[in-house]
Amino acid sequence: MASFPCNSLLLLTTLIAVLVSCDGRPNAPDFTSYFTSPTNLRVEWTPGTDDGGGTVNGYRLHYRLGSKGKMVKLKIPDSPLIYDITGLQNCGDYFVRMATTTTTGLSRYSSFASAEKVASAPKNLNVVAQSGTSAMVNWTPPSKSACIGGYQLQYGPNENSLNTMTLPADLDQYILGDLQSGTSYLLTLAATSTGEVGEEAYAQWYQAPESSSKVPPIPRRIRSSQSDTEIVVTWEPPSDTSIPIEGYTLTYGEGVASEHQRRFTSTQTEFTITDLIPDTSYVLSLRAFNQAGEGKALVLEASTVPSMPGSVVPPIPLGIQSSQSDTEIVVTWQAPSDASIEGYTLSYGVGAPTEYQERFPSTQTEFTITDLIPDTAYVLSLKAFNQVGEGPALYLEASTVQQTGPPTAPTNIRANPLSPQTAIISWSPTSSGLTRYTYLYGPVGSPDSKLTQGHVEASSMMVDLEGLDPGVEYVIKVSSVNSVGKSHPASLLWSQPGPATQKPPEIPLPAAPGQVSVQSTSPRSAVITWTRPPGSIHIAGYIVGFGLTGASQSELMLRSVASDQLAHEIEGLKVGTKYRATVQAYNNDGDGPVARAEWRQQDVPEQLSLPTQPRGVLAYSSSPSSIDISWMLSEITEPISGFQVSYGTNPEAEEFRVEVERESDSVEIQDLKPDSLYYLKIYAINAAGRSDAVRRSVQTLDLPPEERCKHQQQQCTEQFGTLPSDEEDGNTVCPRILQILNCLQLLRDTCMHEDGYRGKVDTVRGTFLRKSCNRNPRSPAAGEVIPGVAAPTEVIEPPVNLQTTIVDTSTIRLSWTDSSLGHSQVVNDNRFYNIQYGVAGEERKLNERTRDTSYEIDDLLPGVSYEFTVQLILDPQRRSALSEPVVDATRDPAQGGTPNRFTVLQVTVSSPTTAKAVLNWLPPPETGSPKNYIVEYTDAENFRDPSTVWERMTIPGTQLSAVIDDLTSDQEYHARVTAQISSSEMGPLMASPATFTTPVIPPSPNVDKPCDETEEQGVTRRVNFLWDGVVDGAQRPPLYGIPIPYCDDEYSVEECHGLFCFCIPGKKPPALRQPKCSATVPPCRREYTLARQALDEARLNGMPAMSAMLPHCRDDGYYHPKQCSGTICYCVTENGAHTGQERPMWEAARLRC
């Protein structure tokens, strides 16, 4: 920092700056304050530009309610640069100032600045013509809208003839009526708060004449691009330009396009949907509309991408430059090197880049900032962003040039009467380099020569007026002054409140809080708790302070706590240090007495919780006597002391246990039995205990042929005992010798060429001959059990007809036939099946177990061939050989998938004996539009049998619906759709077809039918009000304007389910309220019937039910005096003629007809 000698002779224009720098004091911070809720005020700041040669160690913050309110003084640490003041009066007129504390001293306090209540204009303002004389206004509240009391809306053909109206704060749309068709309009909208009007948002639109009776056609080429929380939608207008379009309606939501809706003008063909959930599928529906109504919808499904916390944000942009004028700054930059970005964020403001923000696409590298203050230093921050987030910022400081003429007048003048005799006047600057502000004020109508004059410093921007007369209307005129001249005055009119009729009672101060205590919660944190002061005195909040024992009250760190909180956590403490805490309650009249507590900070160990399961566990048999188990250390985020593996042949018992160190990611279990099934449990452990178990089952490998032969030979002799001696009687030993010989003969195929086998057989055969067993051979009788001799080996047939079905890119479903189960294929005993699978051509295999004759294997690699076999296991000693292997490959994502969201949309009757169904679906998620769709349906009960014959229909790939005709009534059907990728390639079959039932046609109800009704019309009238169950698990969307059945004395209650309505209770099907065949029909009943019949006809023809308005009728068939359409309610005569009285829907209760 440059220094100046205090005895230097300097020019008069720099003398003040020199004196300030000579005193060595730091600068106050630059701050802003605004309401985040009606009772919470947030203060944000940036450090001052000069620290006075010291180190910043904190800040002082003062605030008060009005100019005469009690001053609250707080000490704030040097970080973070933000502080929330809670427990304030609802949206009160608060004033804030700040100062910086450093190791060299305290800076001067800044001027008091009023807290912002309405900080910005409403967002997304949009106007769409509804008819030739009405328009819909939509908007989003301002970003800082905690203290909005309402909105001021102005509209008219030009800015000199605007109509003004006040709207409540909870609205975000409004319908304008009595507009002139064929006229262009201007509209402004601003938020208001206690007389303060915020920044205005502007919109223009053309009120088109009513010239079309046709709804517009469908829009074209809807596209989307997604990030983790946003979807950008673009589209093109309909191809038929002869039908006018007034705008578009976009609806969207999770799974169904009905949760949110936006409307746009006809010129807009792009919209960004924000605040979405990552990795979530959304359905979008786009329609064009005009005065005749909405056209057909264009449907699109788009999914947000998963969040990628491990990815990299883009690097810093390059080469930022600027060029300035007095009110504009032109900013240019270059894209970061070696980075794929989605756009840029430019933030800027006076002294710090926190006041305004702009976002641009990745192709834009230039922007002009307008409406700036002349001769003012601005700080700019530029960041690149992608799906992961924003990268580091590139900062630039740029100053606008000095004005060469007189300044402009101040703006946003506000009057805040504090009492009948006092008021505070504040304003906002529009120019820099000012020397002061001058003002004139007095009663309205007084000449300038009679007004009171005054001035304030350029840094003040507010003045306290006293000695005013209660109930009088005043005017104030404020001008900006610089070295060149003075601006034109900016004026404001306001009225002082009348004299107070009753003096408000004095509010006593609250007592001291009770039972103040402190509990260490970690080595660096503690919680201060207390109880509410005794008595019923109002409490606005608490001031909590803490510091070292022996510190003065002024050296404590103070925090403001809401009145409903009785605890506060503090951090940054040191173990073994003595501290003290203070708590005092306060209200609008002042602060109560202080309650104190002292404590020594303790070393509290962190509480451990049970660890989570190990991730990525893989288990397989690497040899006939061992199993290898591995897991992923990179997925472990909490502290653990090691791992534990238990195993055994019982699924639940933990027969053996192995402890594994924390750094190990695998373990090998040895000394196991060959060809045996083992059950494994893998745990992570710490001081708190074991995690939940990860369960696996693995069968050890069988012995190789040469070892298996020796092992089986040994089993033969061990099982039946050693060879008998010559002294033993042949009658007792011959059966045992014969059993040994038979056991060895069973090994002939596998052991014929093994060393020692023939010698073993010759030895047993010689003993057999020496004992003369061949002369009087005695084999065991059927069912006879000889001690030490096992029964012959049982032959168990392996499963057959092993088949595979590709479910998706990582899942394959297996099914097979167990010949021993018969036709039912239902398992009723303890048998199970071992599925062995692995990559085709590789020796390493994995195993899965199931008790069903089908099984799904997931977590497979996409586009990879796998080999599958199945083995039947009746018990540990009785098992079949492996089935014939089957090789199949998971689906490659590039090969397409099954159509998405396949739904039976509607089932209706087409004749007295037949019905038809409307099917709907979305394209496969992995591909674009296939060449064709193959729709198949059947009424066979065993539709899952591969031999079932399905009826087929071919639908073009651009079409996403189909109608199945000539279905039998009262019959269950099954339907599925398959994508045909090309002429030679089909997508996978659907895993589960959709099931639906055609309706039953009831007998004609005993009611008056319409005049000249045919039999087919009678069937339609009855069937349209049958309740059909929800199909395929999908709830049908609500349809507006569908007919409601008339409920007479027998049917006193209406009940609706999906598309259909009932009268209950009753003994016969409900009937429509039809007019009798007579010459005169009351007008309301006639309009109601015609609208309802049009909807019935649309439904009969398989078309989606259109929307229609149904009037409110009296019991005699004439119009009810109050009717509603859209969001407007109005009065009519009994014949339906408008009386001219109308109100918005939310004010319908005040409409008196």
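Residues numbered from 1 in each chain as written. Predicted model: local features only at pLDDT ≥ 70, side-chain atom pairs only at ≥ 80, totals over all residues. Heavy atoms only, no water.

**A few points about the state of the cysteines**
- Scanning the model with the defined rule gives 3 disulfides in all.
- The partner cysteine of cysteine 91 in its disulfide is cysteine 147, sulfur to sulfur 2.1 Å. Measuring handedness by torsion sign, the sulfur bridge of cysteine 91 and cysteine 147 sits at about -95° and is left-handed. Of this pair, cysteine 91 sits in the loop between strand 5 (82–85) and strand 6 (94–102) while cysteine 147 sits in the loop between strand 10 (135–140) and strand 11 (150–156); the two residues are 56 residues apart in sequence, bridging distant segments of the chain. Side by side, cysteine 91 and cysteine 147 carry an identical accessibility label, which is buried.
- The side chain of cysteine 1084 participates in a disulfide bridge whose partner is cysteine 1113; the two sulfur atoms lie 1.9 Å from each other. Judged by the sign of its S-S torsion, about -85°, the cystine formed by cysteine 1084 and cysteine 1113 is left-handed. On the criterion of sequence distance, the pair formed by cysteine 1084 in helix 7 (residues 1083–1100) and cysteine 1113 in the loop between helix 7 and strand 72 (1122–1125) is long-range, its members being 29 residues apart.
- The exposure class of cysteine 1084 is buried, given its relative accessible area of 0%.
- Owing to a relative accessible area of 30%, cysteine 1113 belongs among the partly exposed residues under this scheme. (Disulfide = S-S within 2.5 Å. Helix = DSSP H or I, 4+ residues; strand = E, 2+ residues; numbered from the N terminus. Buried < 20%, exposed > 50% of the residue type's maximum accessible area, 1.4 Å probe, protein only.)

**Observations regarding the packing of aromatic side chains**
- What the rule picks out here adds up to 25 aromatic pairs.
- Ring geometry for tryptophan 139 against tyrosine 151: centres 5.3 Å apart, planes inclined by 65°, an arrangement best described as edge-to-face. Of this pair, tryptophan 139 sits in strand 10 while tyrosine 151 sits in strand 11, placing them 12 residues apart in sequence. Across the pair, exposure class does not vary: tryptophan 139 and tyrosine 151 are buried alike.
- Here the aromatic rings of tyrosine 866 and phenylalanine 868 are separated by 6.4 Å at their centres, their planes lie at 35°, and the arrangement is tilted. Judged on exposure class, the residue tyrosine 866 and its partner phenylalanine 868 are both buried.
- Of note, arginine 690 hangs over the ring of tyrosine 683, and the distance from its end group to the ring centre comes to 3.7 Å. (Phe/Tyr/Trp six-rings, centres within 6.5 Å; stacked < 30°, edge-to-face > 60°. Lys NZ or Arg CZ within 6 Å of the ring centre and 35° of its normal.)

**Re the pairing of strand 50 (residues 666–669)**
- Side-chain alternation along strand 50 places Val667 and Ile669 on a buried face and Ser666 and Glu668 on a face that remains uncovered.
- As judged from the 4 bridges shared by strand 47 (residues 626–630) and strand 50, these two strands associate in the antiparallel manner. Following the sheet pairing, isoleucine 627 is matched in strand 50 by isoleucine 669. (Pairing = 2+ DSSP bridges.)

**Regarding the environment of valine 963**
- Relative to the helices and strands, valine 963 resides in strand 66 (residues 961–968).
- According to the relative accessible area criterion, valine 963 is partly exposed, its value standing at 38%.
- For the pair valine 963 and valine 904, spaced 59 residues apart in the sequence, the C-alpha separation amounts to 9.9 Å.

**Topic: the confidence of the model for the chain**
- Per-residue pLDDT for the chain has a mean of 77; in total, 79% of the residues score no lower than 70.
- When the criterion is pLDDT under 50, residues 1–22 qualifies, and its contacts beyond four places in sequence or with other chains add up to 7 contacts.
- In this model residues 775–792 is a low-confidence stretch, pLDDT under 50, and it forms 16 contacts with partners more than four residues away in sequence or in other chains. (pLDDT = per-residue confidence, 0-100. Contact = heavy atoms within 4.5 Å.)

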